[in-house]
Amino acid sequence: MNAAPRPPSAPGVHASALQALRLRDPVDKCACVARLLQAWHLGGLEIHPGDPEPVRIEVPGRPQRPALVRPQDLPRRGLHTEEGRKALLHAIAHIEFNAINLALDAVYRFRNMPSGYISDWLQVAAEEARHFGLVARRLAELGADYGDFPAHNGLWEMALKTDTDPMQRMALVPRVLEARGLDVTPGMIRRLEAAGDQASVAVLQVIQREEVGHVAIGSRWFRFLARKRGLDPETTFLDLLEQHMPGRVRPPFALEARLAAGFSRGEMSALEKRAAAQGCPGAVG
């Protein structure tokens, strides 16, 4: 059955993504993302030339809590205590909530992209929303809520730094900040297993598996944009790292996960060499 015609005044996909991005309540935002993805797939949501041009968004839609602090001001807690496991899960929930906003912003902000780009990032937004729901439910089982612990704003700060260039966004958010999760999540899983928290392990295993695909989407569109500009993707990626995030990519690297997520062996070799030159300990995992 064909979707009902969209009224001429109805917002297009870019304006609709902005509406979802501005929602502050996590439950409302997650539900809205699911509706957007369904409408896009059914043809009831389209690219509309009348949607307003993108503007800088200093603060995306987020609840009043958690309080945002500097990363170095976040307390460190061991996973051998329930409070420590709550803090870890809260940090992951915050990452997933920010990832919803980042995916929506990628749709809203960067125009004149193929429809497959919009499909990919709406899909990512919906999966990040599902991840947030999984972590939030696990937090609730432990007697905590999203907002109970402080958090930092590093992901959105990088979104602001890359809000004028989709190639930089694809390089530095999915392929650096989100790829870091591929490296560190296996260690978290092992520590949670040692603590006997199998319910949290199951949640992280789902996230780890699907985040490979999200980073792969970033890799795909980064390469698309680099080649469209006549640039070598590998060289360009390493140059962007040097310009914007020197010393920020550190081992150990989850080699197989990163290869599955679209990193080349040449890129991984270069990352290892850079880490070694900076005196960073660690090895490919």
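Up top you'll find the structure we're talking about.
Here we summarise the structure given alongside this text.

Reading the values: the criteria
- Residues numbered from 1 in each chain as written.
- Predicted model: local features only at pLDDT ≥ 70, side-chain atom pairs only at ≥ 80, totals over all residues.
- Heavy atoms only, no water.
- 1 Å grid on protein atoms, 1.4 Å probe; cavity = no way out; pocket = protein on both sides within 12 Å on 5 of 7 lines; lining within 4 Å.
- Points joined across faces, edges and corners; volume = space filled by probe spheres on them.
- Helix = DSSP H or I, 4+ residues; strand = E, 2+ residues; numbered from the N terminus.
- Nonpolar A, V, L, I, M, F, W, Y, C, P; charged D, E, K, R; others polar.
- Core = buried A, V, L, I, M, F, W, Y, C linked by side-chain atoms within 4.5 Å.
- Buried < 20%, exposed > 50% of the residue type's maximum accessible area, 1.4 Å probe, protein only.
- Contact = heavy atoms within 4.5 Å.
- Expected span 1.5 Å × (residues − 1).
- Arc of directions from axis to C-beta.
- Polar contact = N/O pair within 3.5 Å; in protein donor to acceptor, adjacent residues only side chain to side chain.

Observations regarding empty space enclosed by the protein
For step 1, the next point in the chain: In the structure shown here, the tally under the stated rule is three cavities of 30 Å³ or more.
For step 2, the next point in the chain: Forming the walls of the largest cavity are Leu241, Glu242, Met245, Pro246, Gly247, Arg248, Val249, Leu271, Arg274, Ala275 and Gln278.
For step 3, the next point in the chain: If you list the elements that add at least two residues to the lining of the largest cavity, you get helix 8 (233-244) and helix 10 (265-277).
For step 4, the next point in the chain: Here the element with the most residues in the lining of the largest cavity is helix 10; it accounts for three residues.
For step 5, the next point in the chain: Of the residues in the lining of the largest cavity, the class split is six nonpolar, two polar and three charged.

Digging into the nonpolar core
For step 1, the next point in the chain: Residues Leu104, Tyr117, Trp121 and Leu241 are the most contacted members of the largest nonpolar core, which totals 84 residues.
For step 2, the next point in the chain: Take this core: its biggest share by element is twelve residues, from helix 3 (residues 82-109).
For step 3, the next point in the chain: Setting aside residues no more than four positions away along its own chain, Leu104 makes contact with Ala17, Ala20, Leu21, Val33, Leu36 and Ala125.

Side note on helix 2 (residues 26-42)
Residues spaced three or four apart along an α-helix face the same direction, because each turn holds 3.6 residues.
For step 1, the next point in the chain: Look at helix 2: 24 Å from first C-alpha to last across 17 residues, which is about the 24 Å you get at 1.5 Å a residue.
For step 2, the next point in the chain: Of all the positions in helix 2, only Pro26, Lys29, Cys30, Cys32, Val33, Leu36, Leu37 and Trp40 are classed as buried. Buried positions in helix 2, seen along its axis, are confined to an arc of 165° and lie on one side of it. Exposed side chains of helix 2 directed beyond 90 degrees from the buried face belong to Val27, Arg35, Gln38 and Leu42.
For step 3, the next point in the chain: As for helix 2, its buried residues are in contact with helix 1 (13-22), helix 3 and helix 4 (115-141).
For step 4, the next point in the chain: For helix 2, the N-terminal cap is Asp25; the gap from its side-chain oxygen to the backbone nitrogen of Val27 is 3.0 Å.

These values are about where atoms sit, not about what they do.
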